[in-house]
Amino acid sequence: MKKYIIAAALIIGTGTAITTTVQSCTTLATSDMGLSIIKRILLNGIDKGMGIYGNKEAFLQNNMVDKALPKELRDINSVLEKIAPSLVAKERDYIAQAAAYTVNTSRPILQGAVNSLNAQDVTRIIQGTTATQILKEKTSQQLIAAIAPKVDEKLNEYGIVKTINTALSGSNFLGNLLGGNKNTVNAGGLSQLASEQLVNGLFNIIEDYEHQNSKSLLGPFGK
């Protein structure tokens, strides 16, 4: 197995300097130190995501959140852009406010999952799976289920679902999109789509942070 000599200290989030001797890549990577570094990367990525979600302007300007928009909601917005473009802006604004409302729910779930990572998870990371993907596998459905009621509460508070249905009334668009003879957006359905966007957008941000920082921190492990 290929070996690496780490000549420089690795600086973890606390600023503590850690040096190592010659060890096998896998042994070192799955050691407490390797696991600690991976956890620190994820926790810092989570902090970055929470910071963006807690700031409405940062949320609205983040393209990784836009990329997470579910196809169904993107299709609804495409139609609204043609008949009521201001409504799309309102919808995005309300979802941004809902994002801030979910921060305190999402953070402990994600942090708990990071702290539960083990040597087997690190081995998968060394083999090519991103740490964010493992975190997503562990928490995605739990996060959506946890924040959906809060997103639903916030969107209903602003009456955005009723407003969208009013704007789209008389159109067969929703029937084509949602199937059957449905001609209204279900409040829970819109909240579910928004919740999926929030969760997937958050993972996009965390993964971007991982990509930007993993080389400098995990390079000596052969990652």
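Our subject is the structure that appears above.
What you see is a predicted model; the values in this text were computed from it and never measured.

Novice: I'd like to hear about the overall build of the protein chain, residue by residue, with values.
Specialist: Summing up its helical and strand segments, the protein chain has 11 helices and four strands in all. Burial status across the protein chain gives 45% buried among its 223 residues. For the protein chain, long-range pairs separated by at least 24 residues make up 77% of all intrachain contacts whose partners lie at least 6 apart in sequence. Just so you have it, the protein chain exposes about 10800 Å², and 49% of that area is on carbon and sulfur atoms.

Novice: Can you explain the packing of aromatic side chains? Please cite residues and give values.
Specialist: In total, this model carries two aromatic pairs according to the counting rule given. Seen from their ring centres, Tyr53 and Phe59 are 5.1 Å apart, and the 85° between their planes marks the pair as edge-to-face. Overall, the relative accessible area of 2% leaves Tyr53 in the buried class. A ring pair is formed by Tyr94 and Tyr158, whose centres lie 4.4 Å apart and whose planes are at 10°; its orientation type is stacked. Here Tyr94 is found in helix 6 (residues 85-115), whereas its partner Tyr158 is found in helix 8 (residues 131-158), with 64 residues between them in sequence. For Tyr94, a relative accessible area of 18% translates into the label buried. The class for Tyr158 is partly exposed, based on a relative accessible area of 26%. The lysine or arginine in question, Lys150, covers the ring of Tyr101, its NZ or CZ lying 4.9 Å from the ring centre. Positioned above the aromatic ring of Tyr101, the side-chain terminus of Lys154 is 4.4 Å from the ring centre.

Novice: An account of the packing of helix 7 (residues 119-126) against helix 8 is requested, with residue identities and associated values reported.
Specialist: Orientation of helix 7 relative to helix 8, taken along the N-to-C sense of each, is 135°, at an axis distance of 9 Å. Between helix 7 and helix 8, the angle falls in the class oblique. Counted together, Asp121, Arg124 and Ile125 of helix 7 and Ala131, Ile134, Glu137 and Lys138 of helix 8 form the full contact between these two elements.

Criteria and cut-off values
- Residues numbered from 1 in each chain as written.
- Predicted model: local features only at pLDDT ≥ 70, side-chain atom pairs only at ≥ 80, totals over all residues.
- Heavy atoms only, no water.
- Helix = DSSP H or I, 4+ residues; strand = E, 2+ residues; numbered from the N terminus.
- Buried < 20%, exposed > 50% of the residue type's maximum accessible area, 1.4 Å probe, protein only.
- Contact = heavy atoms within 4.5 Å.
- Areas by Shrake-Rupley, 256 points an atom, 1.4 Å probe, with all protein chains shown as cover.
- Phe/Tyr/Trp six-rings, centres within 6.5 Å; stacked < 30°, edge-to-face > 60°.
- Lys NZ or Arg CZ within 6 Å of the ring centre and 35° of its normal.
- Axes fitted to C-alpha atoms, helices over the stretch in contact; angles between N-to-C directions.
- Parallel < 35°, antiparallel > 145°, perpendicular 65-115°, else oblique.

Just geometry here; none of it tells us what the structure is for.
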